[in-house]
Amino acid sequence: MGVIGQIGQWFDHRLQLAAPIRDTVEHPVPRNTASWFYVFGSAALTVFLLQLVTGILLALIYVPSASEAWSSLQALNHDVTLGWFIRAMHGWGSNFMVALVLIHMVQVFLFGAYKFPRELTWIVGVFLLLMTLGMAFSGQVLRFDQDAYWGLGIGASIASRVPIAGPIIVKLMLGGPIIAGATLTRFFALHVFVIPGMLIGFVCLHLLMVLKLGINEWPMPGRLVKRATYENEYHQLTRKDGAPFVPYAVWKDLFFAAFILLAVAACAMYLGPFGPTGRPDPTIIQTVPKPDYFFLWLYGLLSYLPPSMETPALLIGPVVVIAFLVLLPFLSGEGEKSWRRRPIAVLTVLLIAIILGTLTHLAGYTPWSPHMNAWSGDPVPDNFLHGSTALQRQGALVFQAKQCRNCHSLGEGGGQRGPALDSVAVRLNQDQLIRQVIQGGGNMPAYGKNLSPAETTALVAFLETLHPAGQTPARDAALDDAQEKSTSAR
Amino acid sequence: MADQNTLSRRGLFMKMGILFNGLVATALAVPIVGFLLSSITRGRANAYLSWVPLGPIKDFPEGETRLATFTNPYMTPTDGKTVETACWVRRVEGEQFQVFAINCAHLGCPVRWFPQSGLFMCPCHGGAYYRDGSRASGPPERGLFEYPYRVQDGMVRIQAGELPTPGSPTASLFGNKPPCGARNELVSIESKLSTTSETNALLGKTKTWA
């Protein structure tokens, strides 16, 4: 035996790890699980390890102080050699990790892997997802910029809506009465100690159960899971049609993990680090705060929920979703595993993906927000003024000065919060236009107190010209009828 | 094997050991929990709130709404810029003011005042408020939060110190929640907060709340 072998034996005599490691490495897995569909979990773990390493590297420079954090991020971006790259790797790693955890979860759901006897593996996985999202949110806070500051305000506003305990929760969350130094330090403690510690523990549990219970076999349509017989069938399968995990299945995990690391590095290299945006100074109010990518759907949802439904949805929604995810393996712990015979499962995944995708897409251009930088000098395009009367031109000036285009588009420019006004005269007649401008309604503020009667008259005269050529504007049919009768009676 | 009803000497010691650890853990939990909850308990008697100056009254022309900033009365050495807070000051006439929190009553984003259209607008989810702070449109359920104010020796002061959030007790006492169906009536709360004595009476209520 060589020297290396002797040293190895010396260690193993004391550690006694060689046998369990060999068992783990060589444990038989069903042959058909050596599939490219089974690589997402290990890839998520790889990115988590990357996050640990890059996170520790960032902590060498980062200062978790509300007065210093932003400057230390600037130093990382601009002064420290390759600091920008480590920040970028950590930021992109975070996005990749959330994405991989979600993909892994969808795969596990569609392959029925949460069913007996792997219920607890799934439940631990649900907590791993929540912790991953917790890391993503707290990480965004540590990037202490304007988005982080106002994002915390949004978090506090949501937490404050909890009945009775709301104000207490807010003070606990912020570490005081306002978003300040104590807020950042407690999110630092969460992001760097509490959640990662829990994540490491839960990941170990998750992996332990995968090893003890065996990886989920490739689901065959019609092969049903029964509590009484499943474990026997699984063991027979691994005995008859099994192969050692290493090297039979592991090479795909290795290739995919390396590919993902390369992808993270490529994104970091070519797209760079995230922010920080402006200095977290609450007196700078010219800011449009936005959450990171994986919370954009929530940002969109909060714009579309009716006001009266918002608080219940915010407080009850997460409880229902988490309860459903935790209870899922108990609600359908047996039966069909294959997605080919579970149309409702497939449709649910598609529906959720479409909803989240649509809300994320909408949050990309926020059609619900007024154009905050549309200013009163933004003139009405010339082509809307050809052949108009003096009164109509006066109305166009009112239209410009009262910033109607903050919310309404005309021609190319303007907000999308209200309807486009290019053909408003076809939809509303004179009386309706006056009423809408003065009283508002349908999510439009009332301008009655902000417009003189002369301004309203001029504005409505201009709005009445907004119809496509050759299409007649809306008119009050009842009024026409009455006029006709009075002329014929004469 | 020991009888089930008898307790061995070692068994007793183990149980006593567990009990002893339990007692020590409970004793240690008192300062630990006290430390963890310190951010709440400090605010018990409105300790976070105090009257802060916004500037001399001449800085705020009648009929106009101006941005003002103040330093939060409670601060720690590492707060940096975060203790600086902005608010919108509307001088209605004379010594009658409305001081609005910068935070949207929906989810706390900074609202901006547009004098031309006479609206406060929020960049996040599109909340809009009239010049008197009442809700105009969008997702907010209520009007802007208002700070209690007073004018003393030519100086405008507000009572501030806490981030206004939809659920905070001060927010439910100040600011206007338009009654159902009265959205277009421009409900004003000027009457509610017209005198300092009334303001102070309302403040008395906030103290009993916490």
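Residues numbered from 1 in each chain as written. Chains lettered and ligands numbered in written order. Predicted model: local features only at pLDDT ≥ 70, side-chain atom pairs only at ≥ 80, totals over all residues.

A. Main features of the overall build of chain B. Helix and strand counts for chain B come out as 4 helices and 11 strands. A buried classification covers 40% of the 210 residues belonging to chain B. Pairs at least 24 residues apart make up 53% of the contacts formed inside chain B by residues separated by at least 6 positions. (Helix = DSSP H or I, 4+ residues; strand = E, 2+ residues; numbered from the N terminus. Buried ≥ 20, exposed ≤ 12 C-beta atoms within 10 Å, placed from the backbone. Contact = placed C-beta atoms within 7 Å.)

B. View of the overall build of chain A. In terms of regular secondary structure, chain A is built from 20 helices and 4 strands. Taken against the 2.2 N^0.38 rule, which gives 23 Å for 490 residues, the C-alpha radius of gyration of chain A at 31 Å runs more than 25% over that of a compact globule. The dimensions of chain A, computed from C-alpha atoms along their principal axes, are 120 × 60 × 45 Å. The burial tally for chain A puts 35% of its 490 residues in the buried class. (Rg over C-alpha atoms; globule rule 2.2 N^0.38 Å.)

C. Focus on the interface of chain B and chain A. With 52 residues of chain B at the interface, the matching set in chain A holds 58 residues. Of all the secondary-structure elements, those providing two or more residues to the side of chain B that touches chain A are α2 (38–41), β3 (84–93), β5 (112–114), β6 (119–121), β7 (128–130) and β8 (135–137) of chain B. With 3 residues, β3(B) is the single largest residue contributor to the side of chain B that touches chain A. For the side of chain B that touches chain A, the class distribution of residues is 23 nonpolar, 23 polar and 6 charged. (Nonpolar A, V, L, I, M, F, W, Y, C, P; charged D, E, K, R; others polar.)

D. Region of interest: the sheet that holds strand β11 (residues 155–160) of chain B. Residues and elements named next belong to chain B. Overall, antiparallel pairing links the 3 strands, which are arranged β1-β11-β10 in an open sheet. Sheet topology places β1 (50–56) and β10 (149–152) at the edges, where each strand pairs with a single neighbour. Between one strand axis and the next, the sheet turns through 30° on average, direction left out of account. Where β10 lies against β11, 4 bridges are found, and the strand directions are antiparallel. Bridge pairing links V151 to V156 in β11. (Pairing = 2+ DSSP bridges. Axes fitted to C-alpha atoms, helices over the stretch in contact; angles between N-to-C directions.)

E. How the structure looks around unusual backbone geometry. Residue and element names in this part refer to chain A. Looking along the chain, the bond that leaves F116 and enters P117 is cis, with omega of 0°. Note that P117 resides in the loop between α5 (83–110) and α6 (119–142). Cis geometry marks the peptide bond from G275 to P276, where omega comes out at 0°. With respect to the element layout, P276 can be found in the loop between α12 (250–271) and α13 (296–304). Despite not being glycine, L82 has its phi angle at roughly 60°, a positive value. On the secondary structure map, L82 appears in the loop between α4 (69–78) and α5. Overall, L82 belongs to the exposed group, with 11 C-beta atoms counted inside 10 Å. A positive phi angle, near 60°, is found at Q403, a position not held by glycine. Structurally, the position occupied by Q403 is in the loop between α16 (390–401) and β3 (409–410).

F. Up close: the domain arrangement of chain A. Split into domains, chain A comes out as domain 1 (27–365) and domain 2 (382–489). Each of domain 1 of chain A and domain 2 of chain A has a C-alpha centre, and these two points are 49 Å apart. (Domains from an automatic or database assignment.)

G. Geometry of the nonpolar core. Counting 100 residues, the largest nonpolar core has A:V47 and B:C87 as the members making the most contacts within it. No other element matches the 10 residues that α5(A) contributes to this core. Grouped together as the second largest cluster of nonpolar side chains are 21 residues, A:L421, A:L451, A:L463 and A:L466 included. (Core = buried A, V, L, I, M, F, W, Y, C linked by C-beta atoms within 7 Å.)

H. Representation of helix α19 (residues 453–463) of chain A in the model. Within α19(A) the residues assigned to the buried category are A:A458, A:L459, A:V460, A:A461, A:F462 and A:L463. Elements in contact with the buried residues of α19(A): α16, α17 (424–427) and α18 (430–439) of chain A.

I. Spatial organisation of the packing of α5(A) against α6(A). All names here are of chain A. Viewed as axis vectors pointing N to C, α5 and α6 meet at an angle of 160°, and their least axial separation amounts to 10 Å. As summarised for this structure, α5 and α6 are arranged roughly antiparallel, according to the angle between their axes. The two elements α5 and α6 cross, and the hand of that crossing is left-handed. Facing α5, whose interface residues are S94, M97, V98, V101, M105 and V108, α6 presents W122, G125, L128, L129, T132, L133, A136 and G139. (Parallel < 35°, antiparallel > 145°, perpendicular 65-115°, else oblique. Left-handed = near helix turned anticlockwise from the far one by under 90°.)

J. Representation of the pairing of β11(B) within the structure. Residues and elements named next belong to chain B. Of all the 6 residues making up β11, 5 are buried; the element is thus mostly covered by neighbouring parts of the structure. Bridge count between β1 and β11: 6 bridges; the pairing is antiparallel. Across the sheet, W51 pairs through a bridge with Q159, a residue of β11. With antiparallel pairing between neighbouring strands as the criterion, β10 and β11 make up a hairpin whose turn holds 2 residues, including D153 at a positive phi of roughly 50°.

K. Up close: the sheet that holds β6(B). Residue and element names in this part refer to chain B. Strands sit in the order β5-β6-β7-β8 across an open sheet of 4 strands; the sheet is antiparallel. Both outer strands of the open sheet, β5 and β8, are each paired with one neighbouring strand and no more. Across the sheet, the axes of successive neighbouring strands diverge by a mean angle of 35°, strand direction being ignored. In this sheet, β6 lies alongside β5 in antiparallel orientation, the contact comprising 3 bridges. Paired with F114 across the two strands is L119, which belongs to β6.

L. Structural detail: the environment of B:T82. For B:T82, the position within the fold is in the loop between β2 (65–71) and β3. For B:T82, a count of 25 C-beta atoms within 10 Å puts it in the buried group. B:T82 sits 14 residues away from B:A68 along the chain, and the two C-alpha atoms are 15 Å apart. With near-sequence residues (within four places) excluded, B:T82 lies in contact with A:A66, A:I179, A:A180, A:P280 and A:P282.

M. Highlighting the environment of A:R341. Within the fold, A:R341 resides in the loop between α14 (307–331) and α15 (343–365). Excluding anything up to four places from it in sequence, A:R341 contacts A:P221 and A:E336.

N. Layout of the confidence of the model for chain B. Residue and element names in this part refer to chain B. Looking at chain B, the pLDDT average stands at 79 and 76% of residues meet or exceed 70. Across chain B, the secondary-structure element scoring lowest on mean pLDDT is helix α4 (residues 196–209), at 38, and the one scoring highest is helix α1 (residues 9–36), at 95. This stretch, residues 173–210, has a pLDDT under 50; its non-local contacts, to residues over four places away or in other chains, come to 56 contacts. Quick note on the complex model: pTM equals 0.88, ipTM equals 0.86. (pLDDT = per-residue confidence, 0-100.)

O. Quick peek at the pairing of strand β4 (residues 96–101) of chain B. All names here are of chain B. Across the 6 residues that make up β4, a large majority, 5, are buried. Bridge count between β3 and β4: 6 bridges; the pairing is antiparallel. Within β4, the position partnered with W88 by the bridge is F100. Linking β3 back to β4 in an antiparallel pair, the connection comprises 2 residues, with G94 at a positive phi of about 55°.

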